[in-house]
Amino acid sequence: MKYLALVIGLFSVVVGFNASAQKRTIGSVEYVQIEEADNMPFLTRIDTGAAKTSLHAFDLRVDDDAGRMQANIGKTITFKTMNEKQQFHTSRATIVGVQTIRNSQGKEQRYEVELTLTWQGQEKKVLVNLRNRQRMDYKLLIGRNWLAGDYLVDVEQPPES
């Protein structure tokens, strides 16, 4: 029995080591493209303190707006986005949820859409909340929902263009 426990323990260490070896290391600031915005690049802040990913979005228009955010789930939203180089893109996506965010300004609700984000050729679909980030330095903020299972953050790693 002791031998079996030792083998299982060693197997767990090896499997755990291989799983963590598969994760890619990402810096705290990186260039990330959004497929649905014609792969427009964004200088992005990688924020392990944020649960969800957030994109600068403005001029939001919901097709057949019901007047209540929850009632608009499943409808198409059109929005404009802009990166740090002042490049603009108009995108359309399906509203998949409404997220309540607590921050230093209080509570606010944001629409959530599913977008495909690409970093160094690796694509990942993720829920992204839409918020006007005009006054923010980073127009795209990557949260833990994009990092989970795939990335480790190295704050000393410089961004790759």
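Let me sum up the structure you'll find in this document. Keep in mind that what you see is a predicted model, and the values were worked out from it rather than measured.

**Overview of the pattern of salt bridges**
Working step 1: Evaluated as defined, the whole model comprises six salt bridges.
Working step 2: For the salt bridge of Lys52 with Glu112, the shortest nitrogen-to-oxygen distance reads 2.8 Å. Residue Lys52 is found in the loop between β3 (40-46) and β4 (53-56), and its partner Glu112 is found in strand β8 (residues 106-119); the two are separated by 60 residues along the sequence.
Working step 3: The class of Glu112 is buried, set by a relative accessible area of 8%.

**Structural notes on the pairing of strand β9 (residues 122-131)**
Sheet faces and side chains relate simply in a regular strand, where the side chains alternate between the two faces.
Working step 1: As paired strands, β4 and β9 are joined by four bridges and run parallel to one another. Bridge assignment links Thr53 to a residue of β9, and that residue is Val128.
Working step 2: For β8 and β9, the ladder comprises eight bridges, and the chain directions are antiparallel. Bridging from a neighbouring strand, Leu117 pairs with Lys124 of β9.
Working step 3: Connecting the antiparallel pair β8 and β9 is a turn made up of two residues, with Gln120 showing a positive phi of about 50°.

**Details of the pairing of β4**
Working step 1: The alternating pattern of β4 places Thr53 and Leu55 on one face and Ser54 and His56 on the opposite face, and all of these are buried.
Working step 2: Where β4 meets strand β10 (residues 140-142), two bridges bridge the pair, whose relative direction is antiparallel. The residue of β10 that forms the bridge with Leu55 is Leu140.

**So, unusual backbone geometry**
Working step 1: Even without being a glycine, Asn39 presents a positive backbone phi close to 55°.
Working step 2: Residue position: Asn39 is located in the loop between β2 (29-34) and β3.
Working step 3: Despite not being glycine, Asp59 shows a phi value in the positive range, around 50°.
Working step 4: For Asp59, the location among the structural elements is in strand β5 (residues 58-62).
Working step 5: Its relative accessible area of 43% is what places Asp59 among the partly exposed residues.

Reading the values: rules and limits
Residues numbered from 1 in each chain as written. Predicted model: local features only at pLDDT ≥ 70, side-chain atom pairs only at ≥ 80, totals over all residues. Heavy atoms only, no water. Salt bridge = Lys/Arg side-chain N within 4 Å of Asp/Glu carboxyl O. Helix = DSSP H or I, 4+ residues; strand = E, 2+ residues; numbered from the N terminus. Buried < 20%, exposed > 50% of the residue type's maximum accessible area, 1.4 Å probe, protein only. Pairing = 2+ DSSP bridges.

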